[in-house]
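Residue strings, one per chain:
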There are 2 protein chains.
Amino acid sequence: MASAQLTMEAQSEIFLVIKALSDSWNSHDMAAYAAQFTEDANFVNVMGMHWKGRAQIEAAHVQVHRTIFRNSKLKTLDCSLRPLAPGVVLAHVRWEMTGHESPPGVRFSEVRHGVIIGVFVEQDGRWLITAFQNTDIVPMPLPEIKS
Amino acid sequence: MASAQLTMEAQSEIFLVIKALSDSWNSHDMAAYAAQFTEDANFVNVMGMHWKGRAQIEAAHVQVHRTIFRNSKLKTLDCSLRPLAPGVVLAHVRWEMTGHESPPGVRFSEVRHGVIIGVFVEQDGRWLITAFQNTDIVPMPLPEIKS
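What you are looking at is a predicted structure, and each value in this text was computed from that prediction instead of being measured. (Residues numbered from 1 in each chain as written. Chains lettered and ligands numbered in written order. Predicted model: local features only at pLDDT ≥ 70, side-chain atom pairs only at ≥ 80, totals over all residues. Heavy atoms only, no water.)

### What to know about the overall build of chain A
For the record, the criterion: Numbering of helices and strands runs from the N terminus; a helix is a DSSP stretch of H or I covering at least four residues, while a strand is a stretch of E covering at least two. Under the scheme applied here, a residue whose accessible area is under 20% of the maximum for its type counts as buried, over 50% as exposed, and between as partly exposed, the area being computed with a 1.4 Å probe on protein chains only. In what follows, residue pairs with any heavy atoms lying within 4.5 Å of each other are defined as contacts. The Shrake-Rupley method, run with a 1.4 Å probe sphere, supplies the accessible areas, and residue values consider only the shown protein chains as cover.
When helices and strands are tallied, chain A shows three helices and six strands. The linear arrangement of helices and strands in chain A, starting from the amino end, is α-α-β-β-α-β-β-β-β. With the C-alpha coordinates aligned to their principal axes, the bounding extent of chain A is approximately 55 × 45 × 25 Å. Put simply, chain A has 147 residues, and 46% of those count as buried. Of the contacts made within chain A by residues no fewer than 6 positions apart, 54% connect residues no fewer than 24 positions apart. Accessible surface for chain A amounts to roughly 7,500 Å². Of this, 53% is attributable to carbon and sulfur atoms.

Written out as C-alpha cells, the structure is:
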C-alpha cells in the first residue's frame, strides 16, 4: 500500500461533501444527496438494506423522504478522517436526527444518534463517497443501582 | 486515484481473512479474531459502539464471548470484493448467527442475519481489515394481505 497523506484541501473538500449530505437531506433534495456518491457506490442503511449504485441510492431515498423522513432534520455532530491510500480516505461521522417517523415494525428513538462509515475516493478531481454504512447508536439501559 | 486491480492471490488471501474471522469467532479465540485487523483499525458494532485499535477490538470481543456470544455460531453466507486503489479492497460480507443470547435492553432474532462492510489494506504483504462496520438486517413485517 502506498503511503497516504491528507492534504488540507482534500480534508476541506470531504467536509463539504459531508455538509452537502445533511443540507440535501434537510431540504429533501435527493438528487443532490445522491450526487455525493460515485456511480458504483454501495450503501447499507441502518436496517441492513444494501443499495448498489447511485441510481438505487437516490430512488430509495426519494421514497423515504416522501414518508418517514419528510419532516426529519439531520445534524452532523463530528467527523474524523483517516487517509488509507492516495485518493482513498476513510471517514466516521456521528449524527443526530429529529422530526422523523418510524418505519413499520421498528421504533426509532425520538432523537436518534448514529455513526456512519464512509469511504471517499477522488474521481476526476472530486471527492465522492463510494461506500457508506449507517448504524443507529442503541442507548444502553442504565446499570441497576444497588443500595 | 490510481487504477486498482484485484489479483486472484489478493482475493484468495482476503477470503482466508474472512474465514479466519468466523473460525476464530466459533472457537471463541479473540486473539486470533483481533489478529485479522490492523493495529489502528476502526470497528463499529451493530449497536453503534465504536472501538479504536486492535487492542480495544480484542478486549470488547473477549467480554461478549464470555457472555452473550459464548455459544454463538457465525456463518459467512456470501462475500463480494471491490478494489478501490492499489492495496485497498472493499468487502461486503453477509452472515448468519445462531446460538447467541441478547444484550440487556435489546432483543436479537433467534437467527440473526447481517451485513458487514470491511475495508482491507495490504500491510507488509498481508491483507488486514482496517475498518469494519456491522449491521443487523431487520426483518421487515410482511405486507398486509387484503382479501
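Back to the write-up after that little detour.
### Quick notes on the relation of the copies chain A and chain B
To be explicit about the condition: For this overlay, a least-squares fit was computed on C-alpha atoms, restricted to residues scoring pLDDT of at least 70 in both copies.
Superposition record for chain A on chain B: RMSD 0.0 Å, screw rotation 180 degrees, translation along axis 0.0 Å. The two molecules are tied by a two-fold rotation axis, judged by turn and shift. Comparing interface residues between copies, 100% of those in chain A also lie at the interface in chain B; the contact surface is shared.

### Observations regarding the side chain of D136 of chain A
Stated precisely, the cut-off is as follows: Any pair of N or O atoms that falls within 3.5 Å is considered a polar contact. Within protein, one atom must be able to donate a hydrogen and the other to accept it, and sequence-neighbouring residues count only if both atoms are side-chain atoms.
Turning to its location among the elements, D136 of chain A is positioned in strand β6 (residues 126-136). At 2.7 Å, the side chain of D136 of chain A and the side chain of R112 of chain A are in polar contact. Beyond its immediate sequence surroundings of up to four residues, D136 of chain A is in contact with V46, W95, F108, R112, H113 and G114 of chain A together with V46, M47 and G48 of chain B.

### Focus on the pattern of salt bridges
Residue and element names in this part refer to chain B. The cut-off we apply is this: By convention in these notes, a salt bridge is any Lys or Arg side-chain nitrogen within 4 Å of a carboxyl oxygen on Asp or Glu.
Taken as a whole, this structure holds 14 salt bridges over all chains when the rule is applied. With a shortest N-O distance of 3.1 Å, E39 and R54 are connected by a salt bridge. Taken as a pair, E39 in strand β1 (residues 37-44) and R54 in helix α3 (residues 54-66) lie far apart in primary sequence, 15 residues in all. A residue is classified by how much of its surface remains accessible, and E39, at 55% relative accessible area, is exposed. As a salt-bridge pair, R94 and D78 come within 2.8 Å of each other at their nearest N and O atoms. Taken together, the positions of R94 in strand β4 (residues 88-98) and D78 in strand β3 (residues 73-85) put the pair 16 residues apart, joining distant regions of the chain. Take R94: its relative accessible area is 35%, and that puts it in the partly exposed class. When its relative accessible area of 34% is taken as the criterion, D78 is described as partly exposed.

### Some remarks on unusual backbone geometry
One non-glycine residue, H28 of chain A, adopts positive backbone phi at about 55 degrees. Mapped onto the secondary structure, H28 of chain A falls in the loop between α1 (8-26) and α2 (30-34). With phi around 50 degrees, D124 of chain B is a residue other than glycine that occupies positive phi space. Within the secondary structure, D124 of chain B sits in the loop between β5 (112-123) and β6 (126-136). Residue classification places D124 of chain B among the exposed residues on the basis of a relative accessible area of 82%.

### Thoughts on the confidence of the model for chain A
Regions with low pLDDT carry predicted coordinates that are not meant to be interpreted in detail. So the rule is basically this: Looking at any residue, its pLDDT shows the predictor's confidence there, from 0 to 100.
Here chain A averages 93 in pLDDT, while 93% of its residues score no lower than 70. Model confidence for the complex: the whole-complex pTM is 0.92, and ipTM, which rates the interface, is 0.91.

### Quick word on the interface of chain A and chain B
So the rule is basically this: By buried area we mean how much accessible surface two parts lose on assembly, using a 1.4 Å probe and totalling the loss over both. Side-chain classes are defined by residue name, with Ala, Val, Leu, Ile, Met, Phe, Trp, Tyr, Cys and Pro counting as nonpolar, Asp, Glu, Lys and Arg as charged, and the others, Gly among them, as polar.
Residue-level contacts link 39 residues of chain A with 40 residues of chain B. Roughly 2,800 Å² is buried in total at the junction of chain A and chain B, and carbon and sulfur atoms are behind 66% of that figure. On inspection of chain A and its partner chain B, the count reaches two salt bridges. R82 of chain B is the salt-bridge partner of D40 of chain A, the closest N and O atoms lying 3.2 Å from each other. There are 15 residue pairs in polar contact (both at pLDDT 80 or more) connecting chain A and chain B. Of all the secondary-structure elements, those providing two or more residues to the side of chain A that touches chain B are β1 (37-44), β3 (73-85), β4 (88-98), β5 (112-123) and β6 of chain A. With seven residues, β5 of chain A is the largest single contributor of residues to the side of chain A that touches chain B. Partitioning the side of chain A that touches chain B into residue classes produces 23 nonpolar, twelve polar and four charged.

### Brief notes about α3 of chain B
Spacing of three or four residues puts side chains on the same side of an α-helix, whose turn is 3.6 residues. All names here are of chain B. Cut-off, in case you're wondering: Each helix should span, by expectation, one fewer than its residue count multiplied by 1.5 Å. The directions considered for the arc are those from the helix axis to the C-beta atoms.
Compared with the 18 Å implied by 1.5 Å per residue over 13 residues, the 19 Å span of α3 between its first and last C-alpha is a close match. All of the buried residues along α3 are I57, A60, H61 and H65. For α3, the angular spread of buried residues about the axis comes to 130 degrees, placing them on one side. Every exposed residue of α3 that faces more than 90 degrees away from the buried side is listed here: A55, Q63 and R66. Tucked into the core, α3 has its buried residues touching α1 (8-26), α2 (30-34), β1 and β2 (50-52).

### Here we look at the side chain of Q133 of chain B
Along the chain, Q133 of chain B falls in strand β6. For Q133 of chain B, the side chain forms a polar contact with the main-chain oxygen of V115 of chain A, separated by 3.1 Å. When near neighbours in sequence (up to four residues on either side) are disregarded, Q133 of chain B contacts V115, I116, I117, Q133, N134 and T135 of chain A together with V44, V115, I116 and I117 of chain B.

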